[in-house]
Amino acid sequence: MKNILVVGGAGYIGSHCVKMLKERGYNPVVYDNLSKGHRAAVRGIKFEKGDLGDKKKLARVFKKHDIEAVMHFAAFIEVGESVKEPARYYNNNIVKVISLLDAMVENGIKYFVFSSTAATFGEPVEPKISEAHPQNPINPYGQSKLMVEKVLKDYDKAYGLKSSVLRYFNAAGADDGGKIGESHTPETHLLPIILQAAAGKRESIKIFGTDYPTKDGSCVRDFVHVNDLSSAHILALEKMARSGESDDFNLGSGEGFTVKEVIESAKRVTGRDFKVETAARRAGDPAVLVADSAKAKRVLGWETLYNLDKIIKTAWRWEQKRRY
Ligand code: UFG
């Protein structure tokens, strides 16, 4: 299997995965409508501009490039926005994905790697979240991803469409070369905001909530490098093609850091001081989200190569010379 259609491949995680696919001898083809993605993130890669919901265009692209598997990254990802505008989330993250899956079934493409999220679990009832943890999402974003997970089970039974569901915890960092990285407008994610404060592009960073039941009162998150996520995608795809089975994996480092700890680490790694303010809790934020990724390690042989300092270092390099 060589020809992989990467839907949403011009976005943050997609573009890193495309780069790794290419380096490992695959032939990735990016399919993106560039509503959020960046053409500059996939220079030198085969590119098709198109919308996720455009079945006819997808069918043409499948045939033209002899596509054998699809990786799907094109989603709306903001929890807060999903609460305010659920219709957009359900349309983009469910309705259009079903149309993509239908196009795959109609064209005989059997393998699908799906970007899901820790947000499908809702409030954790265990310290570390494994695949067996109950899934009770608390916002439309998490609901939309969980719904597709359910659709995928039924499509497997009825149509033999095999899927690998990958639930990311907090994706962060940038490629080591510093040519591609994270760029969202507006930016809402913790690490880029911290580093923009360190670079003097923002006045300060606000800590959302200092009264959580954690060791220093700020939220705990599990940061996983975007290249570690990419390697998991490739391992999952290869495993699925070998075994012919669908599966699901939670992807995190297994280690939690508080928001305050991330800020302190960023000050140390960058050597910059910046203003830190405290603010009210942000709606929809669970206090602690940490992955149990033992299954990905055991079944896929997945390893994470980047700790928090390395994640910050790569993101800092990107922040200083970002091109988009
Ligand atoms: N935070 C701040 N200040 C900021 C930004 C964030 O204190 O300026 C805090 C948040 O309150 C949260 C933590 O930093 O406690 C991480 O926030 P992010 O917005 O960076 O990430 P989330 O954990 O909210 O969301 C991420 C993904 C989502 C996914 C979720 C899964 O971005 O797509 O993990 O739980 F749904």
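Here we summarise the structure given alongside this text. Bear in mind the structure is a predicted one, so any value in this text is a computation, not a measurement. (Residues numbered from 1 in each chain as written. Predicted model: local features only at pLDDT ≥ 70, side-chain atom pairs only at ≥ 80, totals over all residues. Heavy atoms only, no water.)

Scanning the model with the defined rule gives 4 aromatic pairs in all. Summarising the aromatic geometry, the rings of Tyr155 and Tyr159 are spaced 4.9 Å apart at their centres and angled 85° between planes, so their arrangement reads as edge-to-face. Taken as a pair, Tyr155 and Tyr159 lie in helix 5 (residues 140-159) at a separation of 4 residues, close to a single helical turn. Judged by relative accessible area, which is 13%, Tyr155 ranks as buried. When the ring centre of Phe47 is taken as origin, the NZ or CZ atom of Arg39, which lies over that ring, is 4.2 Å away. (Phe/Tyr/Trp six-rings, centres within 6.5 Å; stacked < 30°, edge-to-face > 60°. Helix = DSSP H or I, 4+ residues; strand = E, 2+ residues; numbered from the N terminus. Buried < 20%, exposed > 50% of the residue type's maximum accessible area, 1.4 Å probe, protein only. Lys NZ or Arg CZ within 6 Å of the ring centre and 35° of its normal.)

Moving on, we come to the sheet that holds strand 12 (residues 257-258). A sheet is described by the order of its strands in space; here 3 strands give the open sequence 12-9-14, paired in mixed fashion. The sheet terminates laterally at strand 12 and strand 14 (288-289), the two strands that pair on one side only. Note: strand 9 (residues 220-221) against strand 12, 2 bridges, orientation antiparallel. By the bridge assignment for strand 12, Arg221 is matched with Phe257. (Pairing = 2+ DSSP bridges.)

Generally speaking, soluble globular proteins have nonpolar side chains that are buried together. The biggest cluster of nonpolar side chains holds 33 residues, and the ones touching the most others in it are Ile4, Met71, Leu237 and Leu251. For this core, the elements supplying multiple residues, two or more each, are strand 1 (3-7), helix 1 (12-23), strand 4 (69-72), strand 5 (111-117), strand 6 (162-168), helix 7 (226-243), strand 11 (247-251) and helix 9 (294-300). The element that contributes the greatest number of residues to this core is helix 7, accounting for 7 residues. Sequence-distant contacts of Leu237, that is, excluding residues within four places in its chain, are made with Met1, Ile4, Tyr26, Ala69, Met71, Tyr111 and Val113. (Core = buried A, V, L, I, M, F, W, Y, C linked by side-chain atoms within 4.5 Å. Contact = heavy atoms within 4.5 Å.)

One can describe the packing of helix 8 (residues 259-270) onto helix 10 (residues 308-321) by two numbers: an axis separation of 10 Å at closest approach and a directional angle of 60°. When the interaxial angle is binned, helix 8 and helix 10 end up oblique. You can see that helix 8 and helix 10 cross each other, and the crossing is right-handed. Along its contact with helix 8, which presents Val262, Ser265, Ala266, Arg268, Val269 and Thr270, the element helix 10 presents Leu308, Asp309, Ile312, Lys313 and Trp316. (Axes fitted to C-alpha atoms, helices over the stretch in contact; angles between N-to-C directions. Parallel < 35°, antiparallel > 145°, perpendicular 65-115°, else oblique. Left-handed = near helix turned anticlockwise from the far one by under 90°.)

Strand order in the open sheet formed by 7 strands is 3-2-1-4-5-6-11, with parallel pairing between adjacent strands. Every interior strand has two partners, whereas the edge strands, strand 3 (46-49) and strand 11, have only one. Between one strand axis and the next, the sheet turns through 20° on average, direction left out of account. Here 4 bridges tie strand 4 to strand 5, and the two strands are oriented parallel to one another. Its bridge partner being in strand 5, Val70 is matched across the sheet by Phe112. Across the face of the sheet, helix 7 comes into contact with strand 1, strand 4, strand 5, strand 6 and strand 11 while running at roughly 160° to strand 6.

This next bit is on the site of the ligand. If you check the shell around the ligand, you find 21 residues, and the closest are His189, Leu190, Lys206, Arg282 and Asp285. In this structure, Thr188 approaches the ligand through a main-chain N or O atom, which is 3.5 Å from an oxygen atom. Within the side chain of Arg282, an N or O atom sits 2.7 Å from an oxygen atom of the ligand. A breakdown of the residues in the shell around the ligand according to their chemical character gives 13 nonpolar, 4 polar and 4 charged. (Near = heavy atom within 4 Å. Polar contact = N/O pair within 3.5 Å; in protein donor to acceptor, adjacent residues only side chain to side chain. Nonpolar A, V, L, I, M, F, W, Y, C, P; charged D, E, K, R; others polar.)

Attention now goes to helix 8. Under the 1.5 Å per step criterion, the end-to-end length of helix 8 is 16 Å for 12 residues, consistent within 8% with the ideal 16 Å. Phi turns positive one or two residues past the end of helix 8, at Gly271, with a value near 70°. (Expected span 1.5 Å × (residues − 1).)

Glancing now at the pairing of strand 6. Extensive coverage of strand 6 is indicated by the burial of 7 of its 7 residues. The alternating pattern of strand 6 places Lys162, Ser164, Leu166 and Tyr168 on one face and Ser163, Val165 and Arg167 on the opposite face, and all of these are buried. Here strand 5 pairs with strand 6 via 7 bridges, running parallel. Looking at the pairing, Val113 lines up with Ser164 of strand 6.

As a further point, take the pattern of salt bridges. Taken as a whole and assessed by the stated rule, the structure comprises 23 salt bridges. The salt bridge involving Glu48 is made with Lys64; its shortest N-O contact spans 2.7 Å. Taken together, the residues Glu48 in strand 3 and Lys64 in helix 2 (residues 55-64) connect sequence positions 16 residues apart. Given the relative accessible area of 60%, Lys64 is considered exposed. Among the salt bridges present, the one from Lys157 reaches Asp154, with a minimum N-O distance of 4.0 Å. Separated by 3 residues within a single helix, Lys157 and Asp154 lie in helix 5, roughly one turn from each other. Look at the salt bridges and you will find they share partners, linking Glu149, Arg167, Asp247, Asp248 and Lys295 into a network. (Salt bridge = Lys/Arg side-chain N within 4 Å of Asp/Glu carboxyl O.)

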